[in-house]
Amino acid sequence: MSQQIFEALHRGDNAQAVALARRALAAAPDDLEVKRAAALAFRATGDRDAALSTIDAAIAQMPDDAELHFLRAGMLLDIQDVGSAQAALAQTVALDPNQFGAYIVQAQMAVGRNDFDEAERLTKLAARVSPDHHWTLMLQGSLASRRGEHDRALSLLSAASQRAPDDLQVLNALAFAYLAKGHLAFAEQSFRRMLDRTGHTPLRGLLAQIVLQQGRPAEAADEIAALLSDPSQVTPAMQTLAGELELQAGRPERAKPLLQAAFAAHPESHRATNALLLLWEATGNTEDTQATLENALAREPGLDHLWVARLAMAPFGSDEATAIVDRWNAARPDHLPALQAQLALEAGTGAHAASEATARRIAALQPGHGNATQVLFDRLLDRDPPAAVTFAEGLLPSASAQARPMLRRWIGMAQDAAERPADALATWLSLAVEETAQTGAPPVSTPAPASWPDKASVDGARAPAVFLYGPPGSQVDRIANVLQRALPEFRSDRFATAVQDPFQDSNVPARLAEGVFTAEQVAGGWQSQLPARGVGANGAVIDWIPFWDNSWLLALRPQLPQARLLFAVRDPRDMLLEWFAFGAPVTMRITDADSAAEWLAAHLAQIADVIEQDLFPHTVVRTDAPGEDPERLATRFAEALGVPAFPTPPRELLGPDRIPAGRWMAYREVLAGPFAALTPVAVRLGYRQD
């Protein structure tokens, strides 16, 4: 009878196998092989209780049969009873040290719980039993992959796959190894083979992620759609994912029912709510989305993210936004997130008295709250700088290590506003020295060559390029902020992730001057990275670079004549003060005021050379007080970009004058030496002698 049961299982006729098993158990209740076969039949149909009780009866009859303990371990894993499964596997090995399968399962479990040392020990034991078995290679490859040895892993798993191309465990391990290595196309191919072989629908979720990473959102959405055709896989989380993918694929009409269903089922889900807002942005169906959120708020006024979403649909500072914030605070009195929204609205619209009152309420609920403390400090700074010094100093002893630098900077700002320049300089400079101690020294400027290479003629077919640069303290970030908001061609990525091109490396100018690098290599290296940076097919780019050295002109003049430099400059003495007080986009070591001033003077002298000698097409943007004349700023942008006009930037987009123009004059005594080093180049750049 046991043979008939095994034959039915082999045919895939699990129901017939169970029927045969029940008859066989009734006819021969003490037959060990019948119990073994019957347990497998029950397991195949998902009757795990019957499978376990049957295998337990077999073990009671033959407690020293290692194979029975191994089968029991597999059944325990089916019900996620990992601890009992491990005990069963240990008993298997104790009874039969040559139980290869037990070592394999134990090792896989060890890999799953990141116990790589134990997995390696068990893999070695499996290798003693069967060193050439494809499962041995699979374990070795899986372990190598988890340890980051991706090339070795793929070599081992490829060998295992060649020996057993239809083994699903090997195929699964190989697919994940491809994924870990970043070989997405091969991973996709392997997972599709598994899906074809097993019909395991949940694999489509993983496939969708892999396809999406390859830039095919429509195909990813189709995978999830196929997954959702199985009712057992329909969950709000999966509907949300499907809707997000449909939006990325540009199919909002298909996203709408999915996202609406997901939100209706789980309005408490932040992701479903955010996706609803994305749907609103894609369709412009404002009334429908507002009504959906309002209905949800009526039922769940305690869900903060619903208020945030509703607020996102109202213009900032509008009567509508004010009404929403008022309703939120009425629904949840003295609730921190609601008060934070009120504070942001009041501070952002210039309601200083109201924002200070709200900040005090927040500080009472949560002492040391960042935004509230900032508002309280700013109000004191405006009306009573000495009191602002005392306020910030009082916060310092109990502040966290992360907050202390900010508070010390505040103290310096308050000392500056209180007309205590010596104290402000001491505060700022000590902080700057500490914060930059572990960074590299500023790059040394290269000397000018005996002669510059001729400028190549500009080919009208070449894509335009603008290189934006501002020295430390120039407030170039204010200019970058305007350009980033206005122009899709603007790139600030160098300040988040290092771009692998010559303009990211401050050592390149010296090597270019020495002839180690050629102009073609520098220009070609920059151009080769543009596609990876998302620069469009026309190649136009405004590239914010972290360093400048005139030796780059050795490459720009002959190779990129269509380019233009956009320099952000201000009075060098204000620049030095700003650098000490607020740092720079690229952190460079500061050891003392004199050496910083000497470096800045030499650095600015190169920019002055470009301007005076017209070494390369350039535009200078004065950042001393850009908010005072945004029309002039727009004119300079238009000149730099080679366009007829540039929209006048709103004043608030330029941000505050951290160190106001001419503030350096209050520091003439305490920075006499450093300012003396900077004055000659300041005059060259068009600023006053004293």
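Predicted model only: the values in this text are computed from it and were never measured.

> What am I meant to see in the overall build of the protein chain here?
A count of helical and extended segments in the protein chain gives 34 helices and five strands. Over its C-alpha atoms the protein chain spans a radius of gyration of 35 Å, topping by over 25% the 26 Å that the globule rule assigns to 690 residues. With the C-alpha coordinates of the protein chain rotated into their principal frame, the extents come out at 110 × 70 × 50 Å. Counting only residues that meet the buried cut, the protein chain has 47% of its 690 residues in that class. Partitioning the contacts of the protein chain with sequence separation of at least 6, the portion at a separation of at least 24 is 61%. Looking at the protein chain, you have 60 positive and 83 negative side-chain charges, and the mean spots of the two groups are 1 Å apart.

> Looking at this model, I keep getting lost on the packing of helix 14 (residues 217-228) against helix 15 (residues 236-248). Mind explaining?
A pair of packed helices is characterised by two quantities: the angle between their axes and the separation of those axes. Direction vectors running N to C along helix 14 and helix 15 enclose 150°, while the axes themselves pass 8 Å from each other. As judged from the angle between their axes, helix 14 and helix 15 are roughly antiparallel. Seen along the crossing, helix 14 lies across helix 15 with a hand that is left-handed. For the pair formed by helix 14 and helix 15, the contact residues are Pro 217, Ala 220, Ala 221, Ile 224, Leu 227 and Leu 228 on the first element and Met 238, Gln 239, Leu 241, Ala 242, Leu 245, Glu 246 and Gln 248 on the second.

> Sorry if this is basic, but what is going on with the pairing of strand 4 (residues 563-569) here?
The two faces of the sheet receive side chains in turn, since in a regular strand these alternate between them. Within strand 4, six of the seven residues are buried, leaving the element largely enclosed by the surrounding structure. Where strand 1 (residues 465-469) and strand 4 come together, five bridges link them in parallel fashion. Within strand 4, the residue paired with Ala 465 across the bridge is Ala 563. Pairing between strand 4 and strand 5 (residues 618-622): five bridges, direction parallel. From the neighbouring strand, Ala 568 faces strand 5, where its bridge partner is Val 621.

> I would appreciate a short explanation of the pattern of salt bridges in the present structure.
When the charged atoms of two side chains lie near each other, side chains of opposite charge can form a pair. As enumerated under the stated definition, the model contains 38 salt bridges in all. Linking Asp 571 and Arg 573 is a salt bridge whose minimum nitrogen-to-oxygen distance equals 3.0 Å. The class for Asp 571 is buried, based on a relative accessible area of 4%. Since its relative accessible area comes to 0%, Arg 573 is described here as buried. The residue Arg 684 makes a salt bridge to Glu 612 at a minimum N-O spacing of 2.6 Å. Residue Arg 684 is found in helix 34 (residues 672-684), and its partner Glu 612 is found in helix 32 (residues 593-613); the two are separated by 72 residues along the sequence.

> I would appreciate a short explanation of the nonpolar core in the present structure.
For soluble globular proteins, nonpolar side chains are generally found buried alongside one another. Ranked by size, the top nonpolar core spans 65 residues in total, and within it Phe 467, Trp 548, Leu 553, Leu 556, Leu 565, Leu 576 and Phe 580 carry the most contacts. Top element by residues in this core is helix 32. It accounts for 11 residues. Residue contacts for Leu 556: discarding those within four places in its chain leaves Phe 467, Phe 503, Trp 548, Pro 561, Leu 565 and Phe 616. Counting 22 residues, the second largest nonpolar core, distinct from the first, contains Val 482, Leu 483, Ile 542 and Ala 640.

> Would you explain the sheet that holds strand 5 in this entry?
Strands in a sheet are paired, the pairing made by backbone hydrogen bonds, and the direction either parallel or antiparallel. Taken in spatial order, the five strands of this open sheet run 2-3-1-4-5, and their pairing is parallel. What marks the edges here is a single partner per strand, and that holds for strand 2 (490-491) and strand 5. The strands touched by helix 32 are strand 1, strand 4 and strand 5; relative to strand 4, the strand with the most contacts, the crossing angle is about 130°. Those strands touched by helix 33 (residues 630-641) are strand 1, strand 3 (541-544), strand 4 and strand 5, and its axis lies near 160° from that of strand 5.

> How should the packing of aromatic side chains be read in this particular structure?
Aromatic ring pairs are defined here through the distance separating the ring centres and the angle between the ring planes. In this structure the tally under the stated criterion is 15 aromatic pairs. With a centroid separation of 5.7 Å and an interplanar angle of 55°, the aromatic rings of Trp 579 and Trp 599 are classed as tilted. On the criterion of sequence distance, the pair formed by Trp 579 in helix 31 (residues 572-582) and Trp 599 in helix 32 is long-range, its members being 20 residues apart. One exposure class covers both Trp 579 and Trp 599, and it is buried. Put simply, the rings of Phe 467, Phe 503, Trp 526, Trp 548, Trp 552 and Phe 567 touch in pairs and so form one group of aromatic residues. The aromatic ring of Trp 664 is capped on one face by Arg 573, whose charged end is 3.9 Å from the ring centroid.

> What's the story with the environment of Leu 157 in this structure? I'm lost.
With respect to the secondary-structure elements, Leu 157 resides in helix 10 (residues 150-163). The exposure class of Leu 157 is buried, given its relative accessible area of 0%. Sequence separation between Leu 157 and His 266 is 109 residues, and the spatial gap between their C-alpha atoms is 42 Å. Leu 157 has contacts with Leu 137, Met 138, Gly 141, Ser 142, Val 170, Ala 173, Leu 174 and Ala 177, leaving out every residue within four places of it along the chain.

> So what exactly am I meant to see when it comes to helix 31 here?
By the criterion of burial, helix 31 is predominantly enclosed, with 10 of the 11 residues buried. All buried positions along helix 31 are accounted for by Pro 572, Arg 573, Asp 574, Met 575, Leu 576, Leu 577, Glu 578, Trp 579, Phe 580 and Ala 581. Buried residues in helix 31 make contact with helix 25 (404-417), helix 26 (421-435), strand 4, helix 32 and helix 34. Near the N-terminus of helix 31, the side chain that reaches the backbone nitrogen of Arg 573, with its oxygen 2.9 Å away, is that of Asp 571. The positive-phi residue at the C-terminal boundary of helix 31 is Gly 583, with phi of around 75°.

> How should the side chain of Gln 290 be read in this particular structure?
By the element assignment, Gln 290 lies in helix 18 (residues 286-299). A polar contact of 3.4 Å, which involves the side chain of Gln 290, links it to the side chain of Glu 320. Setting aside anything within four residues of it in sequence, one finds Gln 290 in contact with Arg 310, Met 313 and Glu 320.

> Can you help me understand the packing of helix 9 (residues 134-146) against helix 10 in this one?
Put simply, helix 9 and helix 10 touch, their axes get as near as 8 Å, and they point 160° apart. Relative to helix 10, the element helix 9 is oriented roughly antiparallel. Here helix 9 and helix 10 pass one another in a crossing that is left-handed. Each of His 134, Leu 137, Met 138, Gln 140, Gly 141, Ser 142, Ala 144 and Ser 145 in helix 9 lies in contact with helix 10, whose residues at this interface are His 150, Arg 152, Ala 153, Leu 156, Leu 157, Ala 159, Ala 160 and Arg 163. When the residues that make up the contact of helix 9 with helix 10 are grouped by side-chain class, the tally is eight nonpolar, six polar and two charged.

> Can you help me understand the environment of Phe 495 in this one?
Within the secondary structure, Phe 495 sits in the loop between strand 2 and helix 28 (508-514). Assessed through its relative accessible area of 28%, Phe 495 is described here as partly exposed.

> What should I look at first to understand the environment of Ala 682 in this one?
Of note, Ala 682 is situated in helix 34. Overall, the relative accessible area of 0% leaves Ala 682 in the buried class. Those residues in contact with Ala 682 that sit more than four places away from it in its chain are Asp 571, Pro 572, Arg 573 and Tyr 687.

Rules behind the numbers
- Residues numbered from 1 in each chain as written.
- Predicted model: local features only at pLDDT ≥ 70, side-chain atom pairs only at ≥ 80, totals over all residues.
- Heavy atoms only, no water.
- Helix = DSSP H or I, 4+ residues; strand = E, 2+ residues; numbered from the N terminus.
- Rg over C-alpha atoms; globule rule 2.2 N^0.38 Å.
- Buried < 20%, exposed > 50% of the residue type's maximum accessible area, 1.4 Å probe, protein only.
- Contact = heavy atoms within 4.5 Å.
- Lys, Arg positive; Asp, Glu negative; His and termini not counted.
- Charge placed at Lys NZ, Arg CZ, Asp CG, Glu CD.
- Axes fitted to C-alpha atoms, helices over the stretch in contact; angles between N-to-C directions.
- Parallel < 35°, antiparallel > 145°, perpendicular 65-115°, else oblique.
- Left-handed = near helix turned anticlockwise from the far one by under 90°.
- Pairing = 2+ DSSP bridges.
- Salt bridge = Lys/Arg side-chain N within 4 Å of Asp/Glu carboxyl O.
- Core = buried A, V, L, I, M, F, W, Y, C linked by side-chain atoms within 4.5 Å.
- Phe/Tyr/Trp six-rings, centres within 6.5 Å; stacked < 30°, edge-to-face > 60°.
- Lys NZ or Arg CZ within 6 Å of the ring centre and 35° of its normal.
- Polar contact = N/O pair within 3.5 Å; in protein donor to acceptor, adjacent residues only side chain to side chain.
- Nonpolar A, V, L, I, M, F, W, Y, C, P; charged D, E, K, R; others polar.

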